[in-house]
Amino acid sequence: MREIINFNTNWQFFKEWNDAIKTEKLNAESVTLPHTVSEIPLHYFDESDTWLITGYQNIFNYDKAKFQNKRILINFEGAMAAAEVFVNNKSFLEHKGGYLPFVHDITDALKEGENIIAVKLDSLERDDIPPFGNEIDYLCYGGIYREVQIIIVDDISIENIMITGLGNQNITGKIRIRNSKKTNSKETVSINLYNREYHICEIKKDIQLQNNELFTDIEIDEHIDSDRIELWTINNPRLYKLEVSLSNEDSTSVRIGFRDVKFTEDGFYLNGEKIKLRGLNRHQSFPYVGYAMPERIQKKDADILKFDMGLNIVRSSHYPASRHFLDRCDEIGLMVFEEIPGWQHIGDKEWQKVSIENVKDMIERDFHHASIIIWGVRINESQDNHNFYKETNEMAHKLDKTRQTGGVRYIVGSELLEDVYTVNDFNYDGKADPIRAQKCITRLDKNVPYMITEYNGHMFPTKMQDCEERTIEHTKRHYEIINAVAIDKYLAGSTGWCAFDYHTHYNFGSGDRICYHGVYDMFRNPKLAASAYSSQMCKDYKIVLEPITIYARGERAIGGVSPLMISTNCDYIEIYHENDLIVKEYPAAGKYQGLKHAPVIVNMAVNIPGVSDMDWADIKIVGYIDSKPVIEKSYLKNPTFKELEVKADDYEINSISEGSSWDSTRITVKAVDALGNRLPYINEAVKIKVEGEGELIGNDNPVLEGGYYSFWVKSNSKNGEIKITVSNKRVETKTISIKVN
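Residues numbered from 1 in each chain as written. Predicted model: local features only at pLDDT ≥ 70, side-chain atom pairs only at ≥ 80, totals over all residues. Heavy atoms only, no water.

Brief notes about unusual backbone geometry
Point 1. Between serine 317 and the following residue, histidine 318, the backbone shows a cis peptide bond with an omega angle of -15 degrees.
Point 2. Along the chain, the position of histidine 318 falls in the loop between strand S22 (313–316) and helix H3 (323–332).
Point 3. Positive phi, close to 80 degrees, is recorded for asparagine 89, a residue that is not glycine.
Point 4. Structurally, asparagine 89 is set in the loop between strand S6 (82–87) and strand S7 (90–96).
Point 5. Judged by relative accessible area, which is 38%, asparagine 89 ranks as partly exposed.
Point 6. The backbone of asparagine 456 shows a phi angle near 60 degrees, a positive value even though the residue is not glycine.
Point 7. Structurally, asparagine 456 can be placed in the loop between strand S27 (450–454) and helix H7 (468–487).
Point 8. Since its relative accessible area comes to 3%, asparagine 456 is described here as buried. (Helix = DSSP H or I, 4+ residues; strand = E, 2+ residues; numbered from the N terminus. Buried < 20%, exposed > 50% of the residue type's maximum accessible area, 1.4 Å probe, protein only.)

Re the UniProt feature "domain: Glycosyl hydrolases family 2 sugar binding" (unreviewed entry) in the chain
Point 1. Under the feature "domain: Glycosyl hydrolases family 2 sugar binding" (unreviewed entry), the UniProt entry names residues 55–150.
Point 2. With 0% helix and 47% strand, the stretch residues 55–150 has end C-alpha atoms that lie 19 Å from each other. (UniProt positions renumbered as here; feature names shortened; annotations may be inferred.)

What about the sheet that holds strand S43 (residues 708–715)?
Point 1. Spatially, four strands are ordered S38-S40-S43-S42 in an open sheet, and the strand pairing comes out antiparallel. A single partner strand is all that each edge strand has here, and the edge strands are strand S38 (643–648) and strand S42 (694–697). When the angles between neighbouring strand axes are averaged without regard to direction, this sheet yields 25 degrees.
Point 2. Two strands pair when backbone bridges link them, and strand S40 (residues 664–672) and S43 are joined in this way by seven bridges, in the antiparallel orientation. Bridge pairing in S43 places arginine 666 opposite tryptophan 712. (Pairing = 2+ DSSP bridges. Axes fitted to C-alpha atoms, helices over the stretch in contact; angles between N-to-C directions.)

Notes on the pairing of strand S26 (residues 421–424)
Point 1. The side-chain alternation of S26 yields two buried faces, one formed by Tyr421 and Val423 and the other by Thr422 and Asn424.
Point 2. Where S26 meets S27, four bridges bridge the pair, whose relative direction is parallel. Bridge assignment links valine 423 to a residue of S27, and that residue is isoleucine 452.

Thoughts on the sheet that holds strand S12 (residues 170–179)
To summarise the sheet geometry, strands pair through backbone hydrogen bonds and adopt either a parallel or an antiparallel arrangement.
Point 1. Taken together, the three strands give an open sheet; going across it, the order is S11-S12-S15, and neighbouring strands pair in antiparallel fashion. This sheet does not close on itself; its edge strands, each paired only once, are strand S11 (156–165) and strand S15 (215–223). Going across the sheet, the axis of each strand differs from the next one's by a mean of 15 degrees, ignoring polarity.
Point 2. Of the strand pairs in this sheet, S12 and S15 are connected by nine bridges, and their pairing is antiparallel. Within S15, the residue paired with arginine 176 across the bridge is aspartate 217.

Shown next, in the form of structure tokens:
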């Protein structure tokens, strides 16, 4: 039977590579994966601080008697950007690319007892590895930033399960068998499907393994005749365990869903139901540690997109996402547009070969994910290249006959080789049409399957602490485009740029190494524009009332807060001025005809008595559903700094056990007034103290930005408690505790 050993603890990290790391047992900085080669400041650092050639070393204890007739594989899920693995000085060649896994069979290099496993990690932005070759608008951060496993299997074992379920209750794809001895052998493959613990069916397939063939694929196309199959939908994402085993008891499993996905000339269909795609792009970068965040934090991003903003799709820009993120998308019904690494630049033929290999590796790793509805097989925003993109499409279609391909471009009249014309439409500047007509972009004489993959973003970057007028405009621009997309019945939908702010090179963004293109900041705190999305959620699930204001008499250029935009999914709102009802207003459905929940827009100058003579008072906004008050938001005329609100995403996390990754949770600090409203222009420092069985990631004396600061704490190898204290001399010190198990 196979054994999987998590191999994430006890790595020795060397800031500079030297050849002794391959051959001598050395002591350096002891680290647990995921790991970044260089923690970086939040602002104004040198991106070359992450461009290092570093070394990692670990010891694997090999017991020949215990592992007799077994093969020892090592699997790296992600190492940026080129990794050469050595076992007892034997090289397993360099793997190029930081976003997809690679496996080595290290059995023949092992000896009895201790074995040195070393990794020479080149994190330079090399011309021969996508997405590099020209400067790109995001940082890629060096490190073994995803997990590593030792996999112990028989000579004949299951290498990969590439199977998905279809709406007609068919399972289709292939299973790959590893034949380490490369001998003739007849094997029986058993496929078992489970609904939780209930066994639905078993399918057996015979396969003939051939001499000198390391891998053999068995094609699967079987119907499951059962009344226990429910379709995977965005509101009922039903998953089933599909277990594959061999007669030697080697066994492994994946989770699949049964669904049909199709882009057509008149939109997108999930299981035959037309659905308008509404989503955002996501970079997987975080403050200080870059890509190196563990499972819980990867999954939390998916939860934010689905449950906090109500999105039904995310684009994994501009590279394949963590398996943990994709697993969570499967679980919660968040559809995914996944694409290969790249940004505008196409390299030489050798570079293109690596990119084509990326297509293969991406699809083979992620084929089983029900959430993935389309493969991106073009370098984001690149120029046309007929031969290259013909090959990437052919590779995708050869591997997966169930999903369509897209290729994200921004040039008008780009050659369509993919199944879906996917395009970044940055037409809207606050005055022009929110989106361009399809045929104006495609230059075709007919409609084709069509999706907008980016909008806004760099057209109007907005910081958390920007003035109210800018945050209003930022919000309006998102409203205008999602409304226009919703109205266009031939448009499948859109993914806006972008969900979260992210680190970039000095030539991009605001010069401080951050692109402020998100509707959330890098710490995953919502800007006001996020409410354009969250307000579209079903009011039975979450009630939203978010006035797009900080409510200050003189913050806007002409004073006052008129017109006042309110993001809400309520039926109507009422506004009370010093407890007197002055406004009852309904959503602006006439202006935003495509939206289920248009914002409310109130002319406050008309409706607030005494505004002209500087009368300014407390205000209360109440949202109503079915004529009943269900939510309210109040503002003070004279807000002052009253409190630091300190909250954790999770109050219980896991300790590091032997081989496991570290765990983490986010702590959010918010400066608020007496009513709990964020005070966006406080730029004072807070002091953070972390005690007990954990440590702080990042700065212990940060400055609030936009009234917010968030940080992550990480666990260590001991059970107990992490005590977190946040202080500022103007308000009461706050302490919270995180339990570590």
